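# Examination of the molecular architecture
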Amino acid sequence: MTQQLPEHIDPFRLVRQNRILSGVLPLHRMARLAPLLHSADGVAEVELEFGTDDMGVMCVLGRVKAELHFICQRCMQPMTHVVDAEVALGLVANRDDADKVAAHYEPLIIEQVPTPLLPIIEDELLLAVPIVALHESGMCAALPLSSIVEESAMKRENPFAVLAKLKPRDGSKN
Ligand SMILES: [Zn+2]
């Protein structure tokens, strides 16, 4: 997917035309997301299908995929967080209408047409940013040592726990 996506869209027209938009957006252009990243190299792969659902709600369904680069807060080494997020937006013209679609969709308030596309995709990625970036267990340079320590600590504790159950402590005579 290397297709260029339009800078601005008319979502209501895309809905009427049942259009599918697919293409990529560079992460470094996302001014809110980029500062959170270790490296803003790479792109978001976007696929959006515009249409109207059975209830007559104008919606945008699709996916946003990206590989986001962070620094692992445990080992301080670079790590990649893979985002593969489903998009389910309900188009509304104002805040009052947002509640009407909220049961099934994330409301997308279209305040102006044409609407810039990039912030919509950036919002989806921001939702997928981890609160604390950490490698998965087994992938983290800092983890093997600490898990071994935890394991041996558990082995040391277990015999005492068994003894405590078998032999009543002095205090229990009361
Ligand atoms: Zn790590």
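Details of the structure are given in the entry above.
Attention here is on the structure that accompanies the text. (Residues numbered from 1 in each chain as written. Predicted model: local features only at pLDDT ≥ 70, side-chain atom pairs only at ≥ 80, totals over all residues. Heavy atoms only, no water.)

## Here's the deal with the coordination of the zinc ion
Between any two of four tetrahedral donors, the ideal angle at the metal is 109.5 degrees; between two of six octahedral donors, it is 90 or 180 degrees. This is how it is decided: Note: metal donors comprise N, O and S atoms at 2.8 Å or less from the metal (3.2 Å for Na, K and Ca); water molecules are not included, so apparent gaps in a site are possible. What counts as a helix is a DSSP run of H or I of at least four residues, what counts as a strand is a run of E of at least two, and both are numbered from the N terminus. Throughout, exposure labels follow a simple rule: accessible area from a 1.4 Å probe, protein chains only, divided by the maximum for the residue type, with under 20% read as buried, over 50% as exposed, and the rest as partly exposed.
Note on the zinc ion: its protein donors are Cys-72 (SG), Cys-75 (SG), His-135 (ND1) and Cys-140 (SG). The metal-donor distances range over 2.0 to 2.3 Å. The sequence pattern formed by the donor residues of the zinc ion is C-x2-C-x59-H-x4-C. Here His-135 lies in the loop between helix H3 (118-127) and helix H4 (143-166) and Cys-72 lies in the loop between strand E4 (58-71) and strand E5 (78-92), a separation of 63 residues in the sequence. Residue classification places Cys-72 among the buried residues on the basis of a relative accessible area of 0%.

## Brief notes about the pattern of salt bridges
Note that side chains of opposite charge can pair when their charged atoms are close. Let me state the cut-off plainly: Put simply, a salt bridge is a Lys or Arg side-chain nitrogen that is within 4 Å of an Asp or Glu carboxyl oxygen.
Enumeration according to the criterion identifies six salt bridges in this entry. For Arg-29, the salt bridge is made with Glu-7, and the minimal N-O distance between the two is 3.0 Å. Of this pair, Arg-29 sits in the loop between strand E2 (20-26) and strand E3 (43-52) while Glu-7 sits in the segment before strand E1 (8-9), and the two are 22 residues apart along the sequence. In this structure, Asp-123 and Arg-32 form a salt bridge, with 2.8 Å as the shortest nitrogen-oxygen distance. Residue Asp-123 is found in helix H3, and its partner Arg-32 is found in the loop between E2 and E3; the two are separated by 91 residues along the sequence. Taking relative accessible area as the criterion, Asp-123 reaches 34% and is therefore assigned partly exposed.

## Details of the layout of surface pockets
For clarity, the cut-off: A cavity here means a set of 1 Å grid points, computed over protein atoms only, where a 1.4 Å probe fits but cannot escape. A pocket is an open set with protein on both sides within 12 Å along at least 5 of 7 lines, and lining residues have an atom within 4 Å of a point. Grid points are joined across faces, edges and corners, and a volume is the space filled by probe spheres set on the points. The residue classification treats Ala, Val, Leu, Ile, Met, Phe, Trp, Tyr, Cys and Pro as nonpolar and Asp, Glu, Lys and Arg as charged. All others, Gly included, are polar.
By volume, the largest pocket amounts to about 330 Å³. The wall of the largest pocket is formed by 15 residues, among which Leu-108, Ile-109, Glu-111, Ile-120 and Asp-123 lie closest to the centre. For the lining of the largest pocket, the secondary structure elements donating two or more residues are strand E6 (106-109), strand E7 (115-116) and H3. Looking at the lining of the largest pocket, its residues break down into eight nonpolar, two polar and five charged.

## Notes on the side chain of Glu-124
So the rule is basically this: For the purpose of counting charges, residues Lys and Arg are taken to be positive, whereas Asp and Glu are taken to be negative. His and the chain ends are not included.
Here Glu-124 lies in helix H3. In this structure, Glu-124 is buried with no salt-bridge partner, the nearest side chain bearing the opposite charge being Arg-32 at 9.9 Å.

## A closer look at a nonpolar patch on the surface
The line we're drawing: Residues enter patches when they are more than 30% accessible in relative terms and free of salt bridges; like-charged ones are connected within 9 Å and nonpolar ones (Val, Leu, Ile, Met, Phe, Trp, Tyr) within 5 Å. The Shrake-Rupley method, run with a 1.4 Å probe, gives the accessible areas here. Residue values count only the displayed protein chains as cover.
A cluster of nonpolar residues, Ile-131, Val-132 and Leu-134, forms a patch on the protein surface that exposes about 330 Å² of accessible area. Within the element layout of this structure, Val-132 appears in the loop between H3 and H4.

## Quick notes on the pairing of E3
Which entries qualify depends on this criterion: Here a strand pair is declared whenever DSSP counts at least two bridges between the two strands.
Relative to E3, E2 runs antiparallel, the two sharing seven bridges. Its bridge partner lying in E3, Gly-23 is registered against Val-46. Inspection of the sheet shows E3 paired to E4 by nine bridges, in the antiparallel sense. From the neighbouring strand, Gly-51 faces E4, where its bridge partner is Cys-59. If you look at the hairpin formed by E3 and E4, you'll find five residues sitting between the two strands, and Gly-56 has a positive phi there, around 85°.

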